[in-house]
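Okay, here's what each chain looks like letter by letter:
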Amino acid sequence: MADDVVYLSYDDVDQGNQLPPFRPTRPPGMHIGRPLLRNTMTRDVEFFHLFFTFEMILEIVNHTNSYAYEHIMEGSHRSYAQKDGSWKEVTSDEIKRLIALLMYFGLVKVGASVDRYWSTKSLYHGLWARAIMGRNRYRALMAMLHVVDPAKETPGDKLRKINTFIDVFKEKCLALYQPRQNVAIDERMVKSRHRTGIRQFIKDKPNKWGIKLWVLADSSNGYTCDFNVYIGRAAGREVSANGLGYDVVMKLMNPFFDQGYLLYVDNFYTSVTLFKDLFARGVPATGTVLESRRDFPVNLKNSKQWAKRKVRGSMRWERDPPCLALQWLDNRVVSLLTTIDNSNVKKQVTRKVKTVAGGWTAVEVQQPGVIANYNCFMNAVDRSDQILSTQNVLRKCVRWWKTLFFHLIDIAVVNSFILFREHQTQFPDERGLKRTADYSLTHFREEIVRQLCDFPEYDHPPVHATTKPAPPPPDHGPFVTEHIPIVGEERKMCVVCYKREKKALKVRTYCSAPQCNRYMHMTSEKNCFKLFHSVEYDR
């Protein structure tokens, strides 16, 4: 009977696994592929150009011009041509300014319509969009923007508009940084409501509708090491007998096999087969798991019945080498599979429980160490998503692939900021890398925009050429209304005598101007009225 089964718990000895040593192919951290000289790599934009290189920008220039010539010659998109019907060729500087403008939109929000950034209304004065690029030119570039060769697009490939560009970008992400030992794989949703076959829905994500990415990130800082775009099961890509989650993990972890990396995943990916194969390739892993998974221990599949008889903090485990299956009772039963930890490590955590009187009290409960490690290292992708959502460049767009292109800009900004911090740590005495104590990703974005456009740090805001400057106000000096002495019925203290001589001398004369309305002498012997209204008088 199930009641007679004795489960292993905290005090039962678990031998665990001998973990492979951490021996990455390169030292963890930044790798730019060339020796760094003194006073180099000190500007923020230089780190951004590690991901959006000048060669990549030149490719965008060539493909955008090719696409524009093709469509304007066909007779379409004529509204984006010049007056003589020709296309004004895009330059590398314009593409850089377009990227800067998209980032500026994320920093400065002015409403749903992008036209407000160029508005001449008084409320919108002070915006810098017109100094970056004209509105009509921005519309033309957004309409003609192309990041791959239009002549080499593969028919039937859902990612043909951006696939080759993504491949180059991912190579940069992998080449420029070697992650630290703990990494995580999870889904990321790029917000989009487009109507194509690659749009996905995940109810537990902040962005429920959008383009799904499988992301590998460093748990220490959220650096996006690699990613793949999910285009659907029936998209010409075969899924192995082990399932989609298995294929995703093995593909993303392929460059990191046999190096001692520790991987954390959620229950979509976790399976006994995956973890055994990963362990054989030198990648121990931990992940939440569904009881219904194939090869999950049969004795642990009755968690609801087991939990009814146990107190909070109870734990049971079973080992199928090298895999440890573990269940811990918190608010509900949490099931994990791991090849990293053993079941004997535990810690105390605080939980709030309801008292008989209806209040709440804090109690200490036991928690397996594997749960604590999972909570610490699994948040890499969620942390990366949180950083990416700060002032992102995401804009509503008719072409869904441009949404993905905007997301690549965000990844480049966040990854380059992480590399900048790594570089600061590596060269703490470099004066060119000194920043204020509160220097954040927002400041980093601002600097990239400014340096892409060669703007000074401080300057007067641009004004539209046809906007008439406001007439200067009339110069009335320090007083606008007339100041006429009046003789009143009351006697009050002269403000000038009291301020200068500390004497309370009372007079009947006062100034009738509303901003004055003060009593003061006005006689041939003592003219405090004249002194009070002079520039020498200290108010």
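Refer to the structure above for everything that follows.
Attention shifts here to the overall build of the chain. Across its full length, the chain carries 15 helices and 15 strands. A compact globule built from 539 residues would reach a C-alpha radius of gyration of about 24 Å, whereas the chain, at 34 Å, exceeds it by more than 25%. Burial analysis of the chain (539 residues in total) assigns 47% to the buried set. Within the chain, contacts between residues separated by at least 24 positions form 63% of all contacts whose residues are at least 6 apart in sequence. In the structure as shown, the chain presents an accessible area of about 29000 Å², 51% of it carried by carbon and sulfur atoms.

Let's shift gears to the nonpolar core. Counting residues in hydrophobic clusters, the biggest one holds 141 residues, and the most contacted among them are M253 and F405. The dominant element in this core, judged by the number of residues it contributes, is helix α12 (residues 400-426), at 15 residues. Residues in contact with F405, not counting those within four places in the same chain, are F52, I60, L145, V147, I162 and F165. Counting 13 residues, the second-largest nonpolar core is a separate cluster that includes A513, C516, M520 and C528.

Our focus in this paragraph is the pattern of salt bridges. All chains considered together, the criterion is met by 16 salt bridges. Put simply, R312, D330 and R351 are held in one network by salt bridges that share partners.

This part is about helix α11 (residues 380-388). Turning to α11, its buried residues number three or more, namely A380, V381, S384, D385 and L388. The buried residues of α11 occupy one face: seen down the axis, they fall within an arc of 135°. Against β3 (182-191), β5 (209-218), β6 (224-229), α10 (369-377), α12 and α13 (441-452) lie the buried residues of α11.

Inspection of every chain in the model, using the stated rule, returns 29 aromatic pairs. Measuring from ring centre to ring centre gives 5.0 Å for Y510 and Y519, while their planes differ by 40°; the resulting arrangement is tilted. Y510 gets classed as partly exposed once you look at its relative accessible area, which sits at 22%. Three or more aromatic residues joined by ring pairs form one cluster here, namely F48, F51, F52, F165, F169, F227, F405 and F406. The cationic tip of R316 hangs over the ring face of Y7; the distance from NZ or CZ to the ring centre is 4.5 Å. Sitting over the ring of Y439, R435 keeps its end group 5.6 Å from the ring centre.

Before going further, it helps to examine the side chain of H407. The topology assignment puts H407 in helix α12. Using a relative accessible area of 8% as the deciding quantity, one classes H407 as buried. Look past the residues within four positions of H407 in its chain and what remains in contact with it is R188, V190, L213 and L388.

Rules and cut-offs
Residues numbered from 1 in each chain as written. Predicted model: local features only at pLDDT ≥ 70, side-chain atom pairs only at ≥ 80, totals over all residues. Heavy atoms only, no water. Helix = DSSP H or I, 4+ residues; strand = E, 2+ residues; numbered from the N terminus. Rg over C-alpha atoms; globule rule 2.2 N^0.38 Å. Buried < 20%, exposed > 50% of the residue type's maximum accessible area, 1.4 Å probe, protein only. Contact = heavy atoms within 4.5 Å. Areas by Shrake-Rupley, 256 points an atom, 1.4 Å probe, with all protein chains shown as cover. Core = buried A, V, L, I, M, F, W, Y, C linked by side-chain atoms within 4.5 Å. Salt bridge = Lys/Arg side-chain N within 4 Å of Asp/Glu carboxyl O. Arc of directions from axis to C-beta. Phe/Tyr/Trp six-rings, centres within 6.5 Å; stacked < 30°, edge-to-face > 60°. Lys NZ or Arg CZ within 6 Å of the ring centre and 35° of its normal.

Everything listed here is a matter of geometry and, on its own, says nothing about what the molecule does.
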